[in-house]
Amino acid sequence: MAESGTRAAEATADRGWRLRHLPVLLIASAVLGAAAAVVGGVTRGADGALGAAAGVGVTALSYTVTTIVLAWADARDPQLVLPFGVGVYVAKMTLLGAVMVLVASTGWPGLIPLCLGIAAGVAVWTGLHIWWLTTVHARRAAR
């Protein structure tokens, strides 16, 4: 197990490692958003297209914010990751819950596609992130 000083020196030498995966995940989310819009449009019309694409977008935005905040916290002091991570999570879930209740109260027909878009975005982002960590990042870390 590497000492924290060694880890900090390696992280300082390669500052971009914390955010290096974001372009791949954002491109995948954009492709998924377009596909979700098509599926939502075919199955539920314009509201379905908007809802499905917005759901994927909400997920991508949520994970991007988390990634940036955690990268910032880790760059300052690794002990900041947990409090900032929990704080961002609580803030995001509170905001998402409020938005979902507000949207549900309007009776908008795109609500179900929105929820399905969020679920698809979570599945794709998480799966691709696991792939990134186990293949691309693992190869770089082994060097």
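So, here's what we can say about the structure. (Residues numbered from 1 in each chain as written. Predicted model: local features only at pLDDT ≥ 70, side-chain atom pairs only at ≥ 80, totals over all residues. Heavy atoms only, no water.)

### Focus: the overall build of the protein
The number of helices and strands found in the protein is four helices and zero strands. Reading the protein from its N end, one meets helices and strands in the order α-α-α-α. When each of the 143 residues of the protein is scored for burial, the buried share is 28%. Sequence separation of 24 or more characterises 65% of the internal contacts of the protein that already satisfy a separation of 6 or more. Total accessible area on the protein is roughly 8700 Å²; 73% of this is exposed by carbon and sulfur atoms. (Helix = DSSP H or I, 4+ residues; strand = E, 2+ residues; numbered from the N terminus. Buried < 20%, exposed > 50% of the residue type's maximum accessible area, 1.4 Å probe, protein only. Contact = heavy atoms within 4.5 Å. Areas by Shrake-Rupley, 256 points an atom, 1.4 Å probe, with all protein chains shown as cover.)

### Points about the packing of aromatic side chains
Inspection of the entire model under this criterion finds three aromatic pairs. An angle of 35° between the planes, with centres 5.4 Å apart, marks the rings of Tyr63 and Trp125 as tilted. Of the two residues, Tyr63 sits in helix H2 (residues 22-76) while Trp125 sits in helix H4 (residues 111-142), which places them 62 residues apart along the sequence. With a relative accessible area of 24%, Tyr63 lands in the partly exposed category. (Phe/Tyr/Trp six-rings, centres within 6.5 Å; stacked < 30°, edge-to-face > 60°.)

### Some words on the environment of Val39
Tracing the sequence through the fold places Val39 in helix H2. Overall, the relative accessible area of 52% leaves Val39 in the exposed class.

### Observations concerning the nonpolar core
Membership of the largest hydrophobic core is limited to five residues, which are Met100, Val103, Leu111, Leu114 and Ile118. For this core, the secondary structure elements donating two or more residues are helix H3 (81-106) and H4. (Core = buried A, V, L, I, M, F, W, Y, C linked by side-chain atoms within 4.5 Å.)

### Observations regarding the pattern of salt bridges
Side chains that differ in sign of charge can pair as their charged atoms come close. Per the counting criterion, the structure on display carries one salt bridge. As a salt-bridge pair, Asp74 and Arg18 come within 3.2 Å of each other at their nearest N and O atoms. Of this pair, Asp74 sits in helix H2 while Arg18 sits in the loop between helix H1 (4-13) and H2; the two residues are 56 residues apart in sequence, bridging distant segments of the chain. For the residue pair Asp74 and Arg18, the accessibility class agrees, reading buried in each case. (Salt bridge = Lys/Arg side-chain N within 4 Å of Asp/Glu carboxyl O.)

### Things to note about the side chain of Arg18
A residue is classified by how much of its surface remains accessible, and Arg18, at 10% relative accessible area, is buried. Within the structure, the side chain of Arg18 is placed 3.2 Å from the side chain of Asp74, a separation counted as a polar contact. (Polar contact = N/O pair within 3.5 Å; in protein donor to acceptor, adjacent residues only side chain to side chain.)

### Focus on H2
A rise of 1.5 Å per residue sets the reference length of H2, with its 55 residues, at 81 Å; its end C-alpha atoms lie only 20 Å apart and thus fall more than 12% short of the reference. A maximum bend of about 155° is found in H2 at Arg44. (Expected span 1.5 Å × (residues − 1). Bend = angle between axes of the 7 residues up to and from the residue.)

### Things to note about the environment of Ala53
Relative to the elements of secondary structure, Ala53 occurs in helix H2. Taking relative accessible area as the criterion, Ala53 reaches 28% and is therefore assigned partly exposed. Distance in space between the C-alpha atoms of Ala53 and Pro113 is 8.3 Å, their sequence separation being 60 residues. Contact partners of Ala53, with chain neighbours within four places excluded, come to Gly33, Ala36 and Ala37.

### As for the layout of surface pockets
As a volume, the largest pocket reaches approximately 460 Å³. Lining the largest pocket are 19 residues, with Val58, Ser62, Lys92, Met93 and Leu96 positioned closest to its centre. Residue assignment for the lining of the largest pocket shows that the elements contributing at least two residues are H2, H3 and H4. Of all the elements, H3 adds the most residues to the lining of the largest pocket, at nine residues. Classifying every residue of the lining of the largest pocket by side-chain character gives 14 nonpolar, four polar and one charged. (1 Å grid on protein atoms, 1.4 Å probe; cavity = no way out; pocket = protein on both sides within 12 Å on 5 of 7 lines; lining within 4 Å. Points joined across faces, edges and corners; volume = space filled by probe spheres on them. Nonpolar A, V, L, I, M, F, W, Y, C, P; charged D, E, K, R; others polar.)

Scope: geometric values only; no functional claims are made or implied.
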